[in-house]
Amino acid sequence: MKKSSDDTQQQLKLKLQLQLKLHFSISITTLAMFLLKTWRSTAFGLYGYLNFTKSGFLDHAKNFKAEEMETQIPGKNCIVTGANSGIGYSAAEGLAQRGATVYLVCRNKDRGEAALSQIQTSTGNQNVYLEICDLSSVTEIKSFASRFSKKNVPVHVLVNNAGVLEQNRVTTSEGFELNFAVNVLGTYAMTELMVPLLEKASPDARVITVSSGGMYTSPLTTDLQYSENFNGVEQYARNKRVQVALTEKWADKYKNKGIGFYSMHPGWADTPGVAKSLPSFSNSLSGKLRTSEEGADTIIWLALQSKEKLVSGAFYFDRAEAPKHLAFAATRGSHALIDSVVDNLNSMASLFV
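Residues numbered from 1 in each chain as written. Predicted model: local features only at pLDDT ≥ 70, side-chain atom pairs only at ≥ 80, totals over all residues. Heavy atoms only, no water.

## Examining the side chain of Thr331
Reasoning step 1: Here Thr331 shows up in the loop between β8 (320–321) and α11 (338–349).
Reasoning step 2: Setting aside chain neighbours within four positions, we find Thr331 in contact with Arg40, Tyr216, Ser218, Pro219, Arg241 and His325. (Helix = DSSP H or I, 4+ residues; strand = E, 2+ residues; numbered from the N terminus. Contact = heavy atoms within 4.5 Å.)

Given below as structure tokens:
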């Protein structure tokens, strides 16, 4: 009897030791993740304040070459999504000023028509057109792609600018989390469906995807729709990381198609979207944020440069290639997940099936 009692006590002791080890291990892992997230946020905040504000732009502009923005591109067809306001509007206007035929892809018809009229008036370029499409809907994107393909025009520049930062979890009519639907799935579907028309503009075709410095705070994850404890700002950062990784993937996938793929960061710009989505951020940096034109500067620059000067798959900021990862942020290795992410996107969008 005593031996049986001793065995039971020994088993309980071992079980308690295992539970303590497991608890300790979980606590250490939780602490490590907390410290890593804190570091990412702190490093991003400091790096951003020094570089992403208006003063950062003015400092970097000292090295800009004016002649690089003087190129005229008449006869080139450019698509800009989310073009009715902010950075998208400024990018579309800048391309129209340089003689391009510009297609504004907007969700809201009234706002789109207002932007169209303003750009035609300010630039004197009448080759500016409005296309209505809700980038949160794969169905609408497919419909737009079908309609646009019938024009049978080469697409020289596709600017994936449309984006959203919704703080609360909102589900689209197609069942997707809204931020993800616009920023990731919409961007992915639009780009893939435009590839045949981009090929028509080879070897000069290019895709410019407007990402965000927020991506520095997040690694790539396969939890695309943020399944637990939703946080809109963090989801936006995740989305923007996906865009950067997708750009790398596209550059490799289509390297023999004559299409260049570039992601970029516009800096912290004072746009209607920022004011609406991040009011406290906008107010705290009042007077220190970039203008929409300054935010769009690198988009236009990327559209005008000869492809020999650019690196397909790279991330650009203020007319120069920029790092995709901050030091010690442990995000670099996460890009290995991109194939799994692409498989999920193809399935969700019913592409390539």
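## Side note on the sheet that holds strand β2 (residues 101–106)
Reasoning step 1: In spatial order, the strands read β3-β2-β1-β4-β5-β6-β7-β8; together these eight strands make up an open sheet with mixed pairing. Two strands close off the open sheet at either side, each with one partner strand: β3 (128–132) and β8.
Reasoning step 2: The pairing of strand β4 (residues 157–160) with strand β5 (residues 205–210) spans four bridges and is classified as parallel. Bridging across to β5, Leu158 finds its partner in Val207.
Reasoning step 3: Relative to the sheet, helix α10 (residues 292–304) contacts β4, β5, β6 (259–265) and β7 (315–317), its axis offset from that of β5 by approximately 165 degrees. (Pairing = 2+ DSSP bridges. Axes fitted to C-alpha atoms, helices over the stretch in contact; angles between N-to-C directions.)

## A look at the state of the cysteines
By definition, a disulfide links the sulfur atoms of two cysteines through a covalent bond.
Reasoning step 1: For the structure on display, the rule yields zero disulfides.
Reasoning step 2: Lacking any disulfide linkage, Cys78 is separated from the closest cysteine sulfur, that of Cys106, by 15 Å.
Reasoning step 3: On the basis of relative accessible area, Cys78 is assigned to the buried category, the value being 0%.
Reasoning step 4: Cys133 provides the cysteine sulfur closest to Cys106, a residue in no disulfide bond, and the two sulfurs are 10 Å apart. (Disulfide = S-S within 2.5 Å. Buried < 20%, exposed > 50% of the residue type's maximum accessible area, 1.4 Å probe, protein only.)

## Examining a nonpolar patch on the surface
Reasoning step 1: A contiguous nonpolar surface patch, about 330 Å² in accessible area, is contributed by Leu46, Tyr49 and Leu50.
Reasoning step 2: Relative to the helices and strands, Leu46 is located in helix α1 (residues 2–51).
Reasoning step 3: Among the residues examined, Leu46 registers a relative accessible area of 57% and is labelled exposed. (Patch = residues over 30% accessible without salt bridge, like charges linked within 9 Å, V, L, I, M, F, W, Y side chains within 5 Å. Areas by Shrake-Rupley, 256 points an atom, 1.4 Å probe, with all protein chains shown as cover. Salt bridge = Lys/Arg side-chain N within 4 Å of Asp/Glu carboxyl O.)

## Focus: the pairing of β2
Reasoning step 1: Here β2 lies mainly inside the structure; six of its six residues are buried.
Reasoning step 2: Burial along β2 is two-sided: the residues Thr101, Tyr103 and Val105 and Val102, Leu104 and Cys106 are all buried.
Reasoning step 3: Bridge analysis of strand β1 (residues 77–81) against β2 gives five bridges, and the strand direction is parallel. Note that in β2 the partner of Ile79 across the bridge is Tyr103.
Reasoning step 4: Handedness of the β-α-β unit built from β1, helix α3 (residues 86–97) and β2 comes out right-handed.
Reasoning step 5: In terms of strand pairing, β2 meets β3 through five bridges, oriented parallel. (Right-handed = clockwise from strand over helix to strand, strands pointing away.)

## What about the pattern of salt bridges?
Reasoning step 1: Using the criterion set out here, one finds 17 salt bridges in the structure.
Reasoning step 2: One salt bridge in this structure joins Arg238 and Glu234, with 3.9 Å as the shortest N-O distance. Residue Arg238 and its partner Glu234 are located together in helix α7 (residues 232–253), separated by four residues, close to a single helical turn.
Reasoning step 3: The partly exposed category is assigned to Glu234, whose relative accessible area is 24%.
Reasoning step 4: Here the salt bridges share partners, and the residues they tie into one network are Lys76, Asp204 and Arg206.

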